[in-house]
Amino acid sequence: MSLETRTVAVLVADLYEDLELWYPYLRLQEAGARVVAVGAEKRTYRGKRGTEKPADAAVAEVEASQFDAVVIPGGYSPDHMRRHPPMVELVRAVHDRGGVVAAICHGGWMLASAGLLEGRTVTGFFSIKDDVVNAGAQWVDREVVEDDRVITSRKPDDLPAFCRTIIAALEA
């Protein structure tokens, strides 16, 4: 099945983990989805390893109803994203309307800020385990975890499983 009828927001902020932004961005396009890079502002953002990604839209220009899913890459970008309340609200609103919310690495910080961790089983980069647990989730060390349309992974090595799980959730 193709994702031609699906639209996915991939969030972008400075210091994103390059592979964790680009791999899902391109893989979801390859699967047929319309992928929109959404930043706090409509400008170019730089990853930890120097790649650049212009935001296709500023968060103020979009609405949760436009998206079937939101992907939150890791690196240090989630810490920048969660300082911008409209970015957090977009994640919460996509979730609340039944969309898929996928976070990898430090992306769990955005899930915590959006209030989406209470009672969930999730994974993420090992250094955010305490933050995730303190936000009410059970943390497990697995390459990918799906808990009621919230999908989490730990690190770049997990990207194939992460993307397969996102695509399967969007096909369901």
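Attention in this report is confined to the structure presented alongside it. (Residues numbered from 1 in each chain as written. Predicted model: local features only at pLDDT ≥ 70, side-chain atom pairs only at ≥ 80, totals over all residues. Heavy atoms only, no water.)

Moving on to the packing of aromatic side chains. Scanning the model with the defined rule gives two aromatic pairs in all. For the ring pair Trp22 and Tyr25, a centre distance of 5.7 Å and an interplane angle of 70° mean the geometry is edge-to-face. Pair noted here: Trp22 and Tyr25 are both in helix α1 (residues 18-30), with a separation of three residues, about one helical turn. Classification of Trp22 by relative accessible area gives partly exposed; the value is 24%. For the ring pair Phe125 and Phe126, a centre distance of 4.7 Å and an interplane angle of 40° mean the geometry is tilted. When its relative accessible area of 28% is taken as the criterion, Phe125 is described as partly exposed. For Phe126, a relative accessible area of 60% translates into the label exposed. (Phe/Tyr/Trp six-rings, centres within 6.5 Å; stacked < 30°, edge-to-face > 60°. Helix = DSSP H or I, 4+ residues; strand = E, 2+ residues; numbered from the N terminus. Buried < 20%, exposed > 50% of the residue type's maximum accessible area, 1.4 Å probe, protein only.)

Take the packing of α1 against helix α6 (residues 159-171) next. The relative placement of two packed helices comes down to the angle between their axes together with the axis-to-axis distance. Close contact between α1 and α6 brings their axes to 10 Å; oriented N to C, the two are set at 40°. By the angle between their directions, the pair α1 and α6 is classed as oblique. Along this stretch, α1 crosses α6, giving a crossing that reads as right-handed. Seen from α1, the contacting residues are Leu19, Glu20, Tyr23, Pro24, Arg27 and Leu28; seen from α6, they are Leu159, Pro160, Phe162, Cys163, Ile166, Ile167 and Leu170. Of the residues that constitute the contact of α1 with α6, the class distribution is eleven nonpolar, no polar and two charged. (Axes fitted to C-alpha atoms, helices over the stretch in contact; angles between N-to-C directions. Parallel < 35°, antiparallel > 145°, perpendicular 65-115°, else oblique. Left-handed = near helix turned anticlockwise from the far one by under 90°. Contact = heavy atoms within 4.5 Å. Nonpolar A, V, L, I, M, F, W, Y, C, P; charged D, E, K, R; others polar.)

Taken in spatial order, the seven strands line up as β5-β2-β1-β6-β7-β11-β10 in an open sheet, and their pairing is mixed. Each edge of the sheet is formed by a strand with only one pairing partner; in this case those strands are β5 (57-58) and β10 (144-147). In this structure, β10 lies alongside strand β11 (residues 150-153), joined through four bridges in antiparallel fashion. Each bridged residue has a counterpart across the sheet, and for Val145 the counterpart in β11 is Thr152. (Pairing = 2+ DSSP bridges.)

Looking at the element boundaries, Thr123 is found in the loop between β8 (121-122) and α5 (129-134). Exposure remark for Thr123: the relative accessible area of 3% places this residue in the buried category. Within the structure, the side chain of Thr123 is placed 3.4 Å from the backbone oxygen of Arg142, a separation counted as a polar contact. Beyond its immediate chain neighbours, meaning those up to four positions away, Thr123 contacts Trp139, Val140, Asp141, Arg142, Val145, Thr152, Ser153 and Arg154. (Polar contact = N/O pair within 3.5 Å; in protein donor to acceptor, adjacent residues only side chain to side chain.)

Here the structure, examined in full by the defined rule, presents 14 salt bridges. Between Arg49 and Glu17 there is a salt bridge whose closest N-O contact spans 3.1 Å. Placement of the pair is Arg49 in the loop between β3 (44-46) and β4 (52-54) and Glu17 in the loop between β1 (7-11) and α1, with a sequence separation of 32 residues. In this structure Arg49 comes out as exposed when scored by relative accessible area, which is 60%. Residue classification places Glu17 among the buried positions, given a relative accessible area of 6%. Here Asp141 ties to Arg154 by a salt bridge, and the two come within 2.8 Å at their closest N and O atoms. Residue Asp141 is found in the loop between β9 (138-139) and β10, and its partner Arg154 is found in the loop between β11 and α6; the two are separated by 13 residues along the sequence. Through salt bridges with shared partners, a single ionic network connects Asp14, Glu41 and Arg43. (Salt bridge = Lys/Arg side-chain N within 4 Å of Asp/Glu carboxyl O.)

On to the pairing of strand β7 (residues 100-104), then. A large share of β7 lies buried, amounting to five of its five residues. Across four bridges, strand β6 (residues 69-72) lies against β7 in parallel orientation. Note that in β7 the partner of Ala69 across the bridge is Val100. Taken together, the four bridges between β7 and β11 define a ladder with parallel strand orientation. Note that in β11 the partner of Val101 across the bridge is Val150.

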